[in-house]
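# Descriptive structure summary
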Amino acid sequence: MTVWDDLVGQERVSEVLTAAARDADALVTAVAADRPPPESSKMTHAWLFTGPPGAGRDQTARAFAAALQCVSSDRALGGTPGCGFCDGCHTALVGTHADVTTVAAVGAEILVKDMRDTVRKSYTSPANGRWQIILVEDAERLNEKSANAVLKAVEEPAPRTVWLLCAPSLEDVLPTIRSRCRHLNLRTPSVEAVADMLVRREGIEPEAAANAARATQGHVDRARRLATDPAARERRAAVLRLPLRLDEVGACLKAAQELVDAAGEDAKQLAEEMDGKETEELKAALGAAQGGRLPRGTAGVMKDLEDMQKRRRTRTQRDSLDVALTDLTGFYRDVLALQLGSRVAIANADAEDALERLARAGSPESTLRRIDAIAACRDALDRNVAPLLAVEAMTMALRSG
């Protein structure tokens, strides 16, 4: 199994990155032998991966990072970079490689203070790998100051540093940054490709795999979660029941509260798993005395950690809400397809009775207004409107059509 096997429906991108990784070998070899680098190379110091949600931007970037750090003995004999088994590949894929630094938005933005140490590290030589790799998973969330810090590093890169930026589209990244990157656009994998992956890699029954892939419309991570996690299936089922409950104002407000509470519970579970461990590890690193008492002058460091954890909880809640809104959008898309007599495949075949009931009860125009209301809710959440207010406004609009 190579690192490229995890990429679903991205064969063209895999070929480009494999060729770049081969040329990266030639660059490293030339530098080690004190020879001039090859005149023509497909390798460059900055890459920008774009594509719709679920296409696998982060996974593609991480697979490329693993291929660049691959130390397989077969590679020296002409084997494909990214064997998937060597120490370089394994540690890069699981996120523990010393020379692969990952930056992800903890809150709504990546702050400049979150980038300072990373930018500084980008100017250092690799500790034990072949390249110093900086992977920015949410490049669209760079604010003005943090984007300018990245721009400076990309404009004047260190010889053995590679930047891998991931964003939904080119327009989400500063023109000055994207003009210095090689761009690769990923496509949404087909439902069939995702279903095949679930059968082969996760051991899911073919029918269940097909249902999960169809319900998520090619979103690889969500399809995997839906196929393997009963709680995720129950949450989705609850969301798909929501449109039938919005018959009066009280029901709209109750449904909104339940959606927000469910998202808050997701954030709470993540916090319970991560916050305590992070806090104890930081206290130990700061030399806390037995009983938990911290040395003088370290309160600020603990406060920074608490602020980061609070931002992460907020983002986790909104990400969970976004999944519910995506499911609702897909539901009303299916309603619209039935109303228009479209032959397009229904994504939510397991809720066909509800789809047909709403299709008969409304018009295409009212369904489009409902889809617009969901988009407006998503936009409000992006603008930091209080989640409950945004979702209540949406459920009221869904009721009125």
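Residues numbered from 1 in each chain as written. Predicted model: local features only at pLDDT ≥ 70, side-chain atom pairs only at ≥ 80, totals over all residues. Heavy atoms only, no water.

### A short note on the pattern of salt bridges
Across all of its chains, the model carries 15 salt bridges by this definition. With a shortest N-O distance of 3.1 Å, Glu 155 and Arg 180 are connected by a salt bridge. Linking Glu 155 in helix H5 (residues 144-155) with Arg 180 in the loop between helix H6 (175-178) and strand S5 (182-185), this pair joins segments that are 25 residues apart in sequence. The partly exposed category is assigned to Arg 180, whose relative accessible area is 32%. Here Asp 327 and Arg 222 are joined by a salt bridge, their closest N and O atoms 2.4 Å apart. Of this pair, Asp 327 sits in helix H12 (residues 299-339) while Arg 222 sits in helix H9 (residues 220-228); the two residues are 105 residues apart in sequence, bridging distant segments of the chain. Classification of Asp 327 by relative accessible area gives buried; the value is 7%. What emerges from the salt-bridge pattern is a single network uniting Glu 202, Asp 221 and Arg 224. (Salt bridge = Lys/Arg side-chain N within 4 Å of Asp/Glu carboxyl O. Helix = DSSP H or I, 4+ residues; strand = E, 2+ residues; numbered from the N terminus. Buried < 20%, exposed > 50% of the residue type's maximum accessible area, 1.4 Å probe, protein only.)

### Concerning unusual backbone geometry
One non-glycine residue, Gln 217, adopts positive backbone phi at about 50 degrees. Tracing the backbone through its elements, the reader meets Gln 217 in the loop between helix H8 (206-216) and H9. Of the residues examined, Gln 217 reaches a relative accessible area of 38% and is grouped as partly exposed.

### Topic: helix H2 (residues 57-69)
Spanning 13 residues, H2 covers 19 Å between terminal C-alpha atoms, matching the ideal 18 Å at 1.5 Å per step. By the burial criterion, the buried members of H2 are Arg 57, Thr 60, Ala 61, Arg 62, Ala 63, Phe 64, Ala 65, Ala 66, Ala 67, Leu 68 and Gln 69. (Expected span 1.5 Å × (residues − 1).)

### So, the confidence of the model for the protein chain
Residues at a pLDDT of 70 or more form 93% of the protein chain, whose mean pLDDT is 86. At the low end of the mean pLDDT range in the protein chain sits helix H11 (residues 249-286), at 81; at the high end sits strand S1 (residues 46-50), at 95. (pLDDT = per-residue confidence, 0-100.)

### Let's talk about the packing of H9 against helix H10 (residues 230-241)
Taken N-terminus to C-terminus, the directions of H9 and H10 make an angle of 105 degrees; their axes are 5 Å apart at the nearest point. As the angle between them shows, H9 and H10 are arranged roughly perpendicular. For the pair H9 and H10, the contacting residues are Arg 225, Leu 226, Ala 227 and Thr 228 in the first and Pro 230, Ala 232, Arg 233 and Arg 236 in the second. Considered class by class, the residues forming the contact of H9 with H10 number 4 nonpolar, 1 polar and 3 charged. (Axes fitted to C-alpha atoms, helices over the stretch in contact; angles between N-to-C directions. Parallel < 35°, antiparallel > 145°, perpendicular 65-115°, else oblique. Contact = heavy atoms within 4.5 Å. Nonpolar A, V, L, I, M, F, W, Y, C, P; charged D, E, K, R; others polar.)

### Some words on the packing of aromatic side chains
One pass over the structure, following the stated rule, counts 2 aromatic pairs. Measuring from centroid to centroid gives 5.6 Å for Phe 331 and Tyr 332, while their planes differ by 85 degrees, and the two rings are edge-to-face. With respect to burial, Phe 331 and Tyr 332 carry one shared label: buried. Taking NZ or CZ as reference, Arg 160 lies 6.0 Å from the ring centre of Trp 131, over its face. (Phe/Tyr/Trp six-rings, centres within 6.5 Å; stacked < 30°, edge-to-face > 60°. Lys NZ or Arg CZ within 6 Å of the ring centre and 35° of its normal.)

### Here's the deal with the layout of surface pockets
Here the idea is plain: a probe the size of a water molecule rolls over the atoms and shows the empty space left. In this structure, the second largest pocket spans a volume of roughly 280 Å³. As for the second largest pocket, its lining consists of 18 residues, of which Asp 6, Leu 7, Gln 59, Val 220 and Arg 224 are closest to the centre. In terms of residue class, the lining of the second largest pocket is made up of 8 nonpolar, 3 polar and 7 charged. (1 Å grid on protein atoms, 1.4 Å probe; cavity = no way out; pocket = protein on both sides within 12 Å on 5 of 7 lines; lining within 4 Å. Points joined across faces, edges and corners; volume = space filled by probe spheres on them.)

### Overview of the packing of helix H7 (residues 191-202) against H8
Between H7 and H8, the shortest axis-to-axis distance is 8 Å and the interhelical angle comes to 135 degrees. When the interaxial angle is binned, H7 and H8 end up oblique. Crossing of H7 over H8 shows right-handed handedness. Every residue of H8 that contacts H7 at Val 191, Val 194, Ala 195, Leu 198 and Val 199 is listed here: Pro 206, Ala 209, Ala 210, Ala 212, Ala 213 and Arg 214. (Left-handed = near helix turned anticlockwise from the far one by under 90°.)

### With respect to a negative patch on the surface
A surface patch of negative charge is lined by Asp 261, Glu 265, Glu 272 and Glu 273. Here Glu 272 lies in helix H11. (Patch = residues over 30% accessible without salt bridge, like charges linked within 9 Å, V, L, I, M, F, W, Y side chains within 5 Å. Areas by Shrake-Rupley, 256 points an atom, 1.4 Å probe, with all protein chains shown as cover. Lys, Arg positive; Asp, Glu negative; His and termini not counted. Charge placed at Lys NZ, Arg CZ, Asp CG, Glu CD.)

### Looking at H7
The terminal C-alpha atoms of H7, which comprises 12 residues, lie 16 Å apart, in line with the 16 Å expected from a rise of 1.5 Å per residue. Along H7, the residues that are buried comprise Val 194, Ala 195, Met 197 and Leu 198. Looking straight down H7, one finds its buried side chains confined to an arc of 155 degrees; they lie on one side. For H7, the exposed residues set more than 90 degrees away from the buried face come down to Glu 192 and Arg 200. Where the residues of H7 are buried, they touch H8 and H9. (Arc of directions from axis to C-beta.)

### With respect to the nonpolar core
A general tendency of soluble globular proteins is for nonpolar side chains to be buried together. Among the nonpolar cores identified, the biggest contains 36 residues, and Met 43, Trp 47, Phe 49, Phe 64, Leu 68 and Leu 164 are the most heavily contacted of them. Every element with two or more residues in this core is listed here: helix H1 (11-32), S1, H2, helix H3 (87-94), strand S3 (132-136) and strand S4 (161-167). In terms of residue count, the dominant contributor to this core is H1 (8 residues). In contact with Met 43, other than residues within four places in its own chain, are Ala 20, Asp 23, Ala 24, Leu 27, Phe 64, Leu 68 and Val 162. If you look at the next biggest cluster of nonpolar residues, it comprises 31 residues, including Val 239, Ala 263, Leu 325 and Leu 355. (Core = buried A, V, L, I, M, F, W, Y, C linked by side-chain atoms within 4.5 Å.)

### Details of the side chain of His 219
Within the element layout of this structure, His 219 appears in the loop between H8 and H9. His 219 sits in the buried class, given a relative accessible area of 17%. At 3.2 Å, the side chain of His 219 forms a polar contact with the backbone nitrogen of Arg 222. When near neighbours in sequence (up to four residues on either side) are disregarded, His 219 contacts Pro 53 and Gly 54. (Polar contact = N/O pair within 3.5 Å; in protein donor to acceptor, adjacent residues only side chain to side chain.)

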